[in-house]
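Structural features, examined
What follows is each chain in one-letter form.
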Amino acid sequence: EKSQDCMYLQYCKVCQSYKAPRSHHCRKCNRCVMKMDHHCPWINNCCGYQNHASFTLFLLLAPLGCIHASFIFVMTMYTQLYNRISFGWSSVKIDMSAAKRDPRPIIPFGLSAFAASLFALGLALGTTIAVGMLFIIQMKVILTNKTSIESWIEEKAKDRIQYYQTGETFIFPYDMGSKWKNFKQVFTWSGIPEGDGLDWPVRDGCHQYTLTIEQLKQKADKRVRSVRYRAVEDYSGVCCPVTKGVKTFFTTPCTEEPRIALSKGDLILATRGLKHWMYGEKILDSAADGGIRERGWFPRKCVEKCQYDSEMDQPVDGEKKNR
């Protein structure tokens, strides 16, 4: 509503509009999501302002259901095996063909049923551990009134301040200082989250654009610390390239972020990297006219650093520190 506030907001080139505070663009949903936490493939949707509580309850109820299923599987196998075991003087025999004490089971329990139950028990226990850990992680960020993305932004803010030794202190604006108050920001009796997803209560000494200003600083810092590279080999964009070396094949980044195909001579603006992989934007011919830039991972072996940055017209100082 206030045009002067545009200087504090990020602009989404895809949606052609300004992003509200705590909003982020999702490549999978192809839209900006209010208070975006992450995109979940299991619900085929983003976890954000409207469904953060429902998603967290899903992470709680799924392990509880798997614990219930595990109990049923264990008791079923124990009961059926107990009815089929005969103890001799020198050996223990298990007859899976029929039960000794219960000749008419409701469901036939043979060797295949035992194997299937054992396999299902392993899946149930694995889901309980994996999804249970995700629930604990979600509760940690909820009790500090953050999202997973905002936790990463806060970590980068500390890294930026330490790198430049500015002496400033970044205070996360949405942490109310009380775990109960933070909890009520997500969970309500009506199931409808508080607020409208645009304006948020903030701590004393902060304002609505404290986080967005920090994001703009980080974007400016990324442009300064990015390094221009030129592709010297073609890369098809596959996840695990066989022709780029054994180390490149086995150290592919474990992330959902895309890979970008490269042709010899392409220019890439790298922002971060690993030992054998780098992440950056491929600068297209139409980039100067506001065109779309392709972003993703590519093998470090396929590129070489340009001696001079055409935008700065000076030698590039060095690569950004690997995270």
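Computed from a predicted model, the values in this text were never measured in an experiment.

Considerations on helix α2 (residues 111-142)
An ideal rise of 1.5 Å per residue puts 46 Å on 32 residues; α2 measures up with 46 Å between its terminal C-alpha atoms. Turning to α2, its buried residues are Ser117, Leu121, Ala124, Thr128, Val131, Gly132, Gln138, Met139, Val141 and Ile142.

Here's the deal with the pairing of strand β9 (residues 227-231)
The buried fraction of β9 is high, at four of five residues. Two elements, β9 and strand β13 (residues 303-305), share three bridges in a ladder whose sense is antiparallel. Paired with Arg230 across the bridge in β13 is Glu304.

Quick look at the UniProt feature "transmembrane region" (unreviewed entry) in the chain
Cross-referencing UniProt, the feature "transmembrane region" (unreviewed entry) maps to residues 57-78 and 106-137 in the present numbering. As a span, residues 57-78 carries 100% helix and 0% strand, and end to end its C-alpha atoms are 32 Å apart.

Looking at empty space enclosed by the protein
Counted according to the given criterion, the structure contains two cavities of 30 Å³ or more. In this structure, the largest cavity spans a volume of roughly 80 Å³. As for the largest cavity, its lining consists of 13 residues, and the residues nearest its centre are Tyr49, His52, Ala53, Val186 and Pro193. Split into classes, the residues belonging to the lining of the largest cavity amount to five nonpolar, six polar and two charged. Both domains that meet at the lining of the largest cavity, namely domain 1 (19-49 + 146-217) and domain 2 (51-88 + 107-144), each give it at least three residues.

A look at the pattern of salt bridges
Inspection of the entire model under this criterion finds nine salt bridges. A salt bridge links Arg160 to Glu214; the shortest N-O distance between them is 2.8 Å. Highlighted residues: Arg160 in helix α3 (residues 148-164) and Glu214 in helix α5 (residues 210-225), separated in sequence by 54 residues. Note on Glu214: relative accessible area 3%, which makes it buried. The salt bridge involving Arg272 is made with Glu257; its shortest N-O contact spans 2.6 Å. One end of the pair, Arg272, is in strand β10 (residues 267-273); the other, Glu257, is in the loop between α6 (246-250) and β10, with 15 residues separating them in the sequence. The exposure class of Glu257 is buried, given its relative accessible area of 19%. Beyond isolated ion pairs, a larger network of salt bridges with shared partners links Arg160, Glu168, Glu214 and Lys217.

Some details on the packing of aromatic side chains
The tally for this structure, following the rule as stated, stands at eleven aromatic pairs. For the pair Phe55 and Phe58, a centre-to-centre distance of 6.1 Å together with 45 degrees between the ring planes defines the contact as tilted. Taken together, the positions of Phe55 and Phe58, both in helix α1 (residues 52-84) and three residues apart, correspond to about one turn of that helix. Residue class for Phe55 comes out buried when judged on its relative accessible area of 7%. With centroids separated by 4.9 Å and ring planes inclined at 80 degrees, the aromatic side chains of Tyr163 and Tyr164 adopt a geometry described as edge-to-face. According to the relative accessible area criterion, Tyr163 is partly exposed, its value standing at 40%. Judged by its relative accessible area of 38%, Tyr164 is partly exposed. Of the aromatic side chains, those joined through ring pairs into one cluster are Trp180, Phe183 and Phe187. Of note, Arg22 hangs over the ring of Trp200, and the distance from its end group to the ring centre comes to 4.7 Å. Geometry around Trp152 places Lys156 over its ring, the cationic atom sitting 4.1 Å from the centre.

Details of the sheet that holds strand β12 (residues 294-299)
As a general point, the strands of a sheet are linked pairwise by backbone hydrogen bonds and lie either parallel or antiparallel. The five strands are arranged β12-β11-β10-β9-β13 in an open sheet whose pairing can be described as antiparallel. Of all the strands in the sheet, the pair left with one neighbour each is β12 and β13. Strand-to-strand, the axes of this sheet are offset by a mean angle of 45 degrees, without reference to chain direction. Pairing of β9 with β10, which is carried by four bridges, proceeds in the antiparallel orientation. Residue pairing for β10: Val227 is matched across the bridge by Ala270.

Focus on α5
The terminal C-alpha atoms of α5 lie 23 Å apart, and with 16 residues this matches the ideal 22 Å at 1.5 Å per residue to within 8%. Every buried residue of α5 is accounted for by Thr210, Leu211, Thr212, Glu214, Gln215, Gln218, Asp221 and Arg225. For α5, the secondary structure elements touched by its buried residues are β3 (24-26), α3 and β9.

Conventions used here
Residues numbered from 1 in each chain as written. Predicted model: local features only at pLDDT ≥ 70, side-chain atom pairs only at ≥ 80, totals over all residues. Heavy atoms only, no water. Helix = DSSP H or I, 4+ residues; strand = E, 2+ residues; numbered from the N terminus. Expected span 1.5 Å × (residues − 1). Buried < 20%, exposed > 50% of the residue type's maximum accessible area, 1.4 Å probe, protein only. Pairing = 2+ DSSP bridges. UniProt positions renumbered as here; feature names shortened; annotations may be inferred. 1 Å grid on protein atoms, 1.4 Å probe; cavity = no way out; pocket = protein on both sides within 12 Å on 5 of 7 lines; lining within 4 Å. Points joined across faces, edges and corners; volume = space filled by probe spheres on them. Nonpolar A, V, L, I, M, F, W, Y, C, P; charged D, E, K, R; others polar. Domains from an automatic or database assignment. Salt bridge = Lys/Arg side-chain N within 4 Å of Asp/Glu carboxyl O. Phe/Tyr/Trp six-rings, centres within 6.5 Å; stacked < 30°, edge-to-face > 60°. Lys NZ or Arg CZ within 6 Å of the ring centre and 35° of its normal. Axes fitted to C-alpha atoms, helices over the stretch in contact; angles between N-to-C directions. Contact = heavy atoms within 4.5 Å.

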